[in-house]
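Chain by chain, the residues:
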Amino acid sequence: MELKINQIHCCNCLDGIKSIGYMGGVKNINTIICDPPYFLGMTHDGQSAQAADLAICVPFYRELFREFRRVLAPDGCIYWFCDWRSYAFYFGLFEDIKPRNLLVWDKGSGCGNFYTNEHELIIFSTLNTRFQAKGARNIIRGIPAFNSGAKKTNGEKVHPTQKPVELIEKLILDSTKPGDTVLDCFMGSGTTAVAALKNGRNFYGFELQQKYVDIANKRIKELYLNSATVSINRLSDSKLSL
């Protein structure tokens, strides 16, 4: 498939990532940020699943992580969202892309029984043994979720698992510099794309559902129309396909 930078492609992410080549013989993905579906640990009807039920997911994720290793720059980073049910499953898939830490996003509020779920987990991995994010701690506070204040700066929630732009911006700013490229294989409503363009980074993005591709493109267009006030104007218009 023909892959364009700074465009969200409606396709299976395995098909998409295999189309990412090298620029000038150099691996060109500087950071990967993924928020995969949190269906692990549950069956399709919401009932508790057995560990063996997760086996169907293993080939897909093993192949995806092999592609991560292929396209990720030598000093690249991976931020992989998960929760307490899926963490152990995903951790074992990193293999030679060594996890370095487990970040905890304190959402400020939550729901659920047996103690409310007020946080999400992010597995952090990097091939850079000298990685350093100034002032960064593994507990991320002060960035509320949508049910605790994110609507004030992000508007209405348009995807069931949408993350606030400020959270993704933090991860991008911690791990990239202007002009770098971010990959998101589960783009959803386009938050990673918005955060990347807003801060002068490029992106590759894949999303299976056309309705969310349309929503994401609308968000990107709105950002582009207001580019006089954000860092998107650092990128050439020829790279941005809407």
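Just so it is clear, the model here is predicted, and its values are computed rather than measured.

Here eight strands make up an open sheet; going across it, the order is 1-8-7-2-3-5-4-6 and the pairing mixed. Edge positions in the open sheet fall to strand 1 (8-9) and strand 6 (139-140), since each of these has one partner strand only. For strand 1 and strand 8 (residues 202-206), the ladder comprises two bridges, and the chain directions are parallel. For Ile 8, the partnering residue across the bridge sits in strand 8 and is Gly 205. Sitting on the sheet, helix 6 (residues 191-198) is in contact with strand 1, strand 2 (29-34), strand 7 (181-184) and strand 8, with an inclination near 170° to strand 8.

With 16 residues, helix 7 (residues 210-225) should cover 22 Å at 1.5 Å per step; its first-to-last C-alpha distance of 22 Å lies within 8% of that length. Listed as buried for helix 7 are Tyr 212, Val 213, Ala 216, Arg 219, Ile 220 and Leu 223. For helix 7, the angular spread of the buried residues around the axis is 125°, confining them to a single face. Structural note: helix 7 exposes Lys 211, Lys 218 and Leu 225 on the side pointing more than 90 degrees away from its buried face.

In this section: unusual backbone geometry. Although it is not a glycine, Asn 6 adopts a positive phi angle of roughly 60°. Looking at the secondary structure, you find Asn 6 in the segment before strand 1. Phi angles above zero are rare outside glycine, and Tyr 115 is one such case at about 80°. Counting through the fold element by element, Tyr 115 comes out in the loop between strand 4 (99-111) and strand 5 (117-126). In this structure Tyr 115 comes out as exposed when scored by relative accessible area, which is 77%.

On to helix 6. Owing to its 3.6 residues per turn, the α-helix aligns residues three or four sequence positions apart on the same side. Burial within helix 6 is extensive, with seven of its eight residues counted as buried. Taken as a whole, helix 6 has its buried residues at Thr 191, Thr 192, Ala 193, Val 194, Ala 195, Ala 196 and Leu 197. Just downstream of helix 6, Gly 200 is the residue with a positive phi angle, here 75°.

About the thresholds
Residue numbers restart at each chain and count upward from 1, following the sequence in its written direction. Reporting of local features is limited, given that this is a predicted model, to residues whose pLDDT is at least 70; pairs of side-chain atoms are given and counted only at 80 or more, and all residues count toward the totals for whole chains, interfaces and linings. Here the side-chain values reflect all heavy atoms present in the structure, with hydrogen atoms and water set aside. Two strands qualify as a pair provided DSSP detects at least 2 bridges between them. Per the convention used, a helix needs a DSSP run of H or I reaching at least four residues, while a strand needs a run of E reaching at least two, with both numbered from the N terminus. Here a residue-residue contact requires only that any non-hydrogen atoms of the pair lie within 4.5 Å. Note on method: axes are straight lines fitted to C-alpha atoms, helices fitted across the in-contact stretch only, with angles between N-to-C directions ranging 0 to 180 degrees. In this scheme, a helix's expected span is set at 1.5 Å multiplied by one less than its residue total. Here's how the labels work: a residue is buried when its accessible area is under 20% of the maximum for its type, exposed when over 50%, partly exposed in between, all with a 1.4 Å probe on protein chains only. Here, the arc refers to the directions that run from the helix axis to the C-beta atoms.

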